[in-house]
Amino acid sequence: MGWQKEIAEDVKKAKDTSLMAMDYTTQQKNKFLDVLSTNISRNTKKILSANSRDIKNVMKNKYSSAFSDRLMLTNERISKILE
């Protein structure tokens, strides 16, 4: 499967999930955010490692520095996401 098709399928799944989430209660949404936050915290090293590979590919393929900056994650940026 090509990466474009894989991304298109992921986008469709995300859209379908977001439509279902519209009916969730505030309590259900807060529980989801708590679980998401915990998983991000537990997997920060893996996330930063994968992001580092992505940044190397961006630089190799000569994308703009603005794009690279938006893509780049640091411990500080992840901490801000979790706030």
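What comes next concerns the included structure. (Residues numbered from 1 in each chain as written. Predicted model: local features only at pLDDT ≥ 70, side-chain atom pairs only at ≥ 80, totals over all residues. Heavy atoms only, no water.)

### Focus: the overall build of the chain
- Each helix and strand in the chain was counted, giving 5 helices and 0 strands.
- Written out in order from the N terminus, the α and β elements of the chain read α-α-α-α-α.
- Taking 12 Å as the expected radius of gyration for a compact globule of 83 residues, we find that the chain reaches 16 Å, considerably beyond that expectation.
- Within the chain, buried positions represent 8% of all 83 residues. (Helix = DSSP H or I, 4+ residues; strand = E, 2+ residues; numbered from the N terminus. Rg over C-alpha atoms; globule rule 2.2 N^0.38 Å. Buried < 20%, exposed > 50% of the residue type's maximum accessible area, 1.4 Å probe, protein only.)

### Describing the environment of isoleucine 55
- Inspection of the secondary structure puts isoleucine 55 in helix α3 (residues 44-60).
- Considered as a pair, isoleucine 55 and leucine 73 are 18 residues apart in the sequence and their alpha carbons are 9.2 Å apart.
- Setting aside residues no more than four positions away along its own chain, isoleucine 55 makes contact with Ser68, Leu71 and Met72. (Contact = heavy atoms within 4.5 Å.)

### Points about the packing of aromatic side chains
- As enumerated under the stated definition, the model contains 1 aromatic pair in all.
- Ring geometry for tyrosine 63 versus phenylalanine 67: centroids 5.2 Å apart, planes at 35°, classification tilted. (Phe/Tyr/Trp six-rings, centres within 6.5 Å; stacked < 30°, edge-to-face > 60°.)

### Things to note about unusual backbone geometry
- With a phi close to 60°, lysine 62 is a non-glycine residue in the positive phi region.
- Position of lysine 62 among the secondary structure elements: in the loop between α3 and α4 (65-71).
- Its relative accessible area of 73% is what places lysine 62 among the exposed residues.

### Digging into the pattern of salt bridges
- Taken as a whole and assessed by the stated rule, the structure comprises 3 salt bridges.
- Salt-bridge contacts for aspartate 16 lead to lysine 12; the nearest nitrogen and oxygen are separated by 2.9 Å. With a gap of 4 residues between them, aspartate 16 and lysine 12 both fall in helix α1 (residues 3-21), about one helical turn apart.
- Given a relative accessible area of 35%, aspartate 16 falls into the partly exposed group.
- A residue is classified by how much of its surface remains accessible, and lysine 12, at 52% relative accessible area, is exposed.
- Among the salt bridges present, the one from arginine 77 reaches aspartate 69, with a minimum N-O distance of 3.0 Å.
- Here arginine 77 falls in the partly exposed class, since its relative accessible area comes to 31%. (Salt bridge = Lys/Arg side-chain N within 4 Å of Asp/Glu carboxyl O.)

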